[in-house]
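# Working through the structure, step by step
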Amino acid sequence: MKLSSTLRLAAVTLAALSLQPAFADEGPFMVRVRAVHLDSANKDSTGLGLSINNKTFPEVDFSYFFTPNIAAELILTYPQKQRLYSNGTEIGSLKHLPPTLNLQYHFNPAGTVRPYVGAGLNYTNFSSVEFAPAVQTALQPSIKRNSYGLAAQIGVDIEVAKNIYLNLDLKKVNIETKVYSKGAEVGKFKVDPTLASVGLGWRF
């Protein structure tokens, strides 16, 4: 191979490597810890005026970057207990576990400010469903224990130190369950929460 060809090949290689310095330095993994505020849409077709309380809770997510721009994010928390109301009167409680898997596109992956958008799927499991004795006796209520729905998000990672990021994130998730009384379906209750969160992320 001629010297000029070798030099051209070396120059092209160095240029290609220089396009992704942050990705090479940081590695493909990211872990974020967030405080999340759940604001439920509380859409109810049963006529009972069902709703759950809003609350703030912790979550953790694990991301893998396939490329500097494209990542998959798995969002996890522990089962969250919610109070259940009918027309403003507390009638029981339940727990829900809502893991979500999103595919994200990250803009400006080598910059200090890195916005992103994402979309994916949510699975929610409802457990520990309890109703007040009077409600249980009168209506014998129950709910479907599993929910599958779409999720969408926007967010930004802001570099505050090497491989450490302040994260701001906003998600909308479809979560709903069928409601039964004495074994017969009486309607649907849609939580469909908006989730606003703030936290820290570590890239490695």
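For the structure, see preceding data.
First things first, this report covers the structure right here in the doc. Predicted model, so just to flag it, every value in this text is computed and none were measured. (Residues numbered from 1 in each chain as written. Predicted model: local features only at pLDDT ≥ 70, side-chain atom pairs only at ≥ 80, totals over all residues. Heavy atoms only, no water.)

### Points about unusual backbone geometry
Phi at Asn108 is positive, roughly 50°, even though this residue is not glycine. Its place among the elements puts Asn108 in the loop between β8 (100-106) and β9 (113-131). Positive phi, normally seen in glycine, also occurs at Gln140, with a value near 45°. Tracing the backbone shows Gln140 in the loop between α3 (133-139) and β10 (141-143). (Helix = DSSP H or I, 4+ residues; strand = E, 2+ residues; numbered from the N terminus.)

### Notes on the sheet that holds strand β14 (residues 184-190)
Across a sheet, paired strands are connected by hydrogen bonds in the backbone, their directions being either parallel or antiparallel. Read across the open sheet, the four strands follow the order β2-β14-β13-β10; overall the sheet is antiparallel. Edge positions in the sheet fall to β2 (43-44) and β10, since each has one partner strand and no second. The sheet contact formed by strand β13 (residues 176-181) and β14 spans six bridges and is antiparallel. Pairing of Ser181 across the sheet is with Ala184, part of β14. (Pairing = 2+ DSSP bridges.)

### Focus: the nonpolar core
Ranked by internal contacts, the top residues of the largest apolar core, which has 20 residues, are Ile143 and Phe189. Where this core is concerned, the elements lending two or more residues are β1 (29-39), β3 (50-52), β7 (89-97) and β9. Broken down by element, this core gets its largest block of residues, three residues, from β9. (Core = buried A, V, L, I, M, F, W, Y, C linked by side-chain atoms within 4.5 Å. Buried < 20%, exposed > 50% of the residue type's maximum accessible area, 1.4 Å probe, protein only.)

### Quick word on the packing of aromatic side chains
All told, the structure shown has five aromatic pairs when counted by the stated rule. Seen from their ring centres, Tyr105 and Phe107 are 5.0 Å apart, and the 75° between their planes marks the pair as edge-to-face. Here Tyr105 falls in the partly exposed class, since its relative accessible area comes to 38%. When its relative accessible area of 38% is taken as the criterion, Phe107 is described as partly exposed. Stacked on the ring of Phe65, the Lys or Arg Arg203 has its end atom at 3.8 Å from the ring centre. (Phe/Tyr/Trp six-rings, centres within 6.5 Å; stacked < 30°, edge-to-face > 60°. Lys NZ or Arg CZ within 6 Å of the ring centre and 35° of its normal.)

### Observations concerning the pairing of strand β5 (residues 70-76)
Working note: regular strand, side chains alternate between the two faces of the sheet. Note: strand β4 (residues 55-65) against β5, six bridges, orientation antiparallel. Considered in β5, the bridge of Ser63 is made with Glu73. Once β4 ends, the chain turns through four residues before running back antiparallel as β5. For β5 and β8, the ladder comprises six bridges, and the chain directions are antiparallel. The residue bridging Ile75 from the neighbouring strand is Thr100, located in β8.

### Remarks on the environment of Gly120
Mapped onto the secondary structure, Gly120 falls in strand β9. Owing to a relative accessible area of 18%, Gly120 belongs among the buried residues under this scheme. Taking the C-alpha atoms as reference points, Gly120 and Gly149, separated by 29 residues in sequence, lie 8.7 Å from one another. Apart from residues no more than four positions distant in its own chain, Gly120 is found in contact with Leu101, Asn102, Gly149, Leu150 and Ala151. (Contact = heavy atoms within 4.5 Å.)

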